[in-house]
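Structure assessment
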Amino acid sequence: MKTALAVIIVCFSVRENFPFSHFPMYSSFSDYSYYIYFTDSKGEPIPIETLTSHKTSSLKKIYDKEIKKTRKELQAKGEKIEGFRFMTTEQRKPAGELVLDWIYNNTKETALPALNEKRPLRVYQVDLFTKDGEITSIPNLIAEAP
Amino acid sequence: MSFLKKILGLFQKPNFAPYEVIFMRVLFALVAAIAIPGNLPYSGQPYPSGLAHFFDFTWMANDSSLKVLELTYWGALGAFAIGFFPALSGTLAAFILNATGALMNSQGAAKHHLQIIGLILTVFAIHYIIQAIRNPRKMLFPGHEPGSNGIYYAQQTVAAAYLVTGFYKLARSGLEWISDAKYFPLQLEKSTKMDYYNTLTDEAVVGIEQTIGNFLLEYPNWSRLLIGSGLLVEIGAIFLLAGRKWGGIYAILLIVFHLTISEVMHLTFTYNILALLIFFVVPLLRRSPAHRRALSS
């Protein structure tokens, strides 16, 4: 049992450091969630994984990390932001631009021609709420990058 | 009291016959061999993870470099599978897989699908390094005797990964995690839609998840029941270590749990399922007279 205990302690101590993790996925539920998706310049959704090999879920984590960073920076400047969901589209825009840049910079050269055909890409964020026993989705254009 | 004693008595270090050890190790090496990512198109490590704190792995973005790395990794795994110099071969394999995983996870998005293989390889490597220090004369071929084969440590690693998952949920949200499970349909909607936008080809499936989501919205206690059972299954993973029989049965329960989540939420648990099959379900097959003879000899 000593090994199990040691792995548990190390996972909790070093958290997200591959191969260790404290496995935080789905560790809390809230009445708000969101997802993102990508489109071409006309607003037509594009199959991002097919084109770039990057999954929407991974790209959302990158976007999420940047949003949290922006939120902290804004709070440090004295702006009051109660929670992530209350950030404006303008405040989320840098994170959107960063994730689009990240896609351009981290896609294999062989996949770039097909991706370039779709440029400039756009990223949309869809906010999800429960209201009157139903799920409400509110899409917002966050950023477009050439 | 005697019932408790009986339960505690189940948690003994298992005894594996050499042929079982070799079989499990070869199977694990095969699974680890396919786990190495064939494509790492990352130009930076903006949020270093694991070994990326100490090394720059962006050279792996180059296809030919990755190919050389892959061949070295497969060679190391081959040596590890036959039990040749496992302190070195296991460490090399663990280092390479953990390096690729570190680069992948240094982008600001943690991916967890390879974690279990990286963890097991790391624990194997540490085990064999300790063995080699304790008994340097048997460093090249330490053998497969009980106590020197590392399988029990791999089993503990798998159990620990599930326990961490369950404990973290309790530590972060406590029992609110279960009461807030009424919001689970939002997660369902999110994961289904993101899966759809990956390839734009799952439109037919999206409908089924919406039906399940609507049902759970209407009957939130079903969400609580489902999510609460999931937490119990994770915390109960200690029973993976309750001997061959109960460990194997519990592993099957976890596999069913994973397959259910995969079906509903489009998440994949390939390597977790394979690790459970190799280290817990395979030992269930041992009840033959030939096996007993092999064990007693």
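Residue numbers restart at each chain and count upward from 1, following the sequence in its written direction. Chains and ligands are labelled by the order in which they are written, letters from A for the one and numbers from 1 for the other. Local features are withheld for residues below a pLDDT of 70 in this predicted model, meaning they are given only at 70 or higher, and side-chain atom pairs are given and counted only at 80 or more; totals for whole chains, interfaces and linings count all residues. Processing note: side-chain calculations cover all non-hydrogen atoms of the structure and skip hydrogens and water entirely.

1. Here we look at the overall build of chain B
For helices the rule is a DSSP run of H or I covering at least 4 residues; for strands it is a run of E covering at least 2, with both sets numbered from the N terminus onward. Each helix and strand in chain B was counted, giving 13 helices and zero strands. Mapped from its N terminus to its C terminus, chain B presents α and β elements in the order α-α-α-α-α-α-α-α-α-α-α-α-α. Taken against the 2.2 N^0.38 rule, which gives 19 Å for 297 residues, the C-alpha radius of gyration of chain B at 21 Å falls within 12% of a compact globule. Seen along its three principal axes, the alpha-carbon backbone of chain B occupies a region of about 65 × 60 × 35 Å. Burial status follows relative accessibility: with a 1.4 Å probe on protein chains alone, a residue under 20% of its type maximum counts as buried, one over 50% as exposed, and anything between as partly exposed. Relative to its 297 residues, chain B shows a buried fraction of 54%. The globule rule used here is 2.2 Å times the number of residues to the 0.38 power, and the radius of gyration it is set against is calculated over C-alpha atoms.

2. Remarks on the interface of chain B and chain A
When checking whether two residues touch, look at their non-hydrogen atoms; a contact exists if any pair is within 4.5 Å. With 67 residues of chain B in contact, the opposing surface of chain A contributes 61 residues. What counts as buried area is the accessible surface, traced by a 1.4 Å probe, that two parts surrender upon association, with contributions from both included. Summing both partners gives a buried area of about 5700 Å² for chain B against chain A, and 65% of it is carried by carbon and sulfur. Salt bridges are counted wherever a side-chain nitrogen of Lys or Arg sits within 4 Å of a carboxyl oxygen of Asp or Glu. The tally of links from chain B across to chain A stands at one salt bridge. The partner of Lys108 of chain A in a salt bridge is Asp63 of chain B, with the nearest N and O atoms 3.1 Å apart. In protein, a polar contact means a hydrogen-donor-capable atom and an acceptor-capable atom, both N or O and within 3.5 Å, with residues adjacent in sequence counting only if both atoms are side-chain atoms; elsewhere, any N or O pair within 3.5 Å suffices. Summed over the shared surface of chain B and chain A, the number is 29 residue pairs in polar contact (both at pLDDT 80 or more). When residues of the side of chain B that touches chain A are traced back to their parent elements, those giving at least two are α4 (86-104), α5 (115-134), α6 (151-173) and α8 (184-199) of chain B. Of the residues forming the side of chain B that touches chain A, the biggest block, 14 residues, is contributed by α6 of chain B.

3. Some thoughts on the layout of surface pockets
The gaps left among the atoms become clear once a water-sized probe is rolled over them. Points on a 1 Å grid over protein atoms alone make up a cavity when a 1.4 Å probe fits among them but cannot get out, and a pocket when they form an open set with protein on both sides within 12 Å along at least five of seven lines; lining residues each have an atom within 4 Å of a point. Grid points are joined across faces, edges and corners, and a volume is the space filled by probe spheres set on the points. Here the second largest pocket is characterised by a volume of approximately 450 Å³. For the lining of the second largest pocket, the secondary structure elements donating two or more residues are α1 (2-14) of chain A together with α5 and α6 of chain B. Ranked by residues supplied to the lining of the second largest pocket, first place goes to α5 of chain B with seven residues. Residue classes follow a fixed rule: Ala, Val, Leu, Ile, Met, Phe, Trp, Tyr, Cys and Pro count as nonpolar, while Asp, Glu, Lys and Arg count as charged, and any other residue, Gly among them, counts as polar. Taken together, the residues that form the lining of the second largest pocket break down as ten nonpolar, six polar and three charged.

The analysis is restricted to geometry; functional conclusions fall outside its scope.
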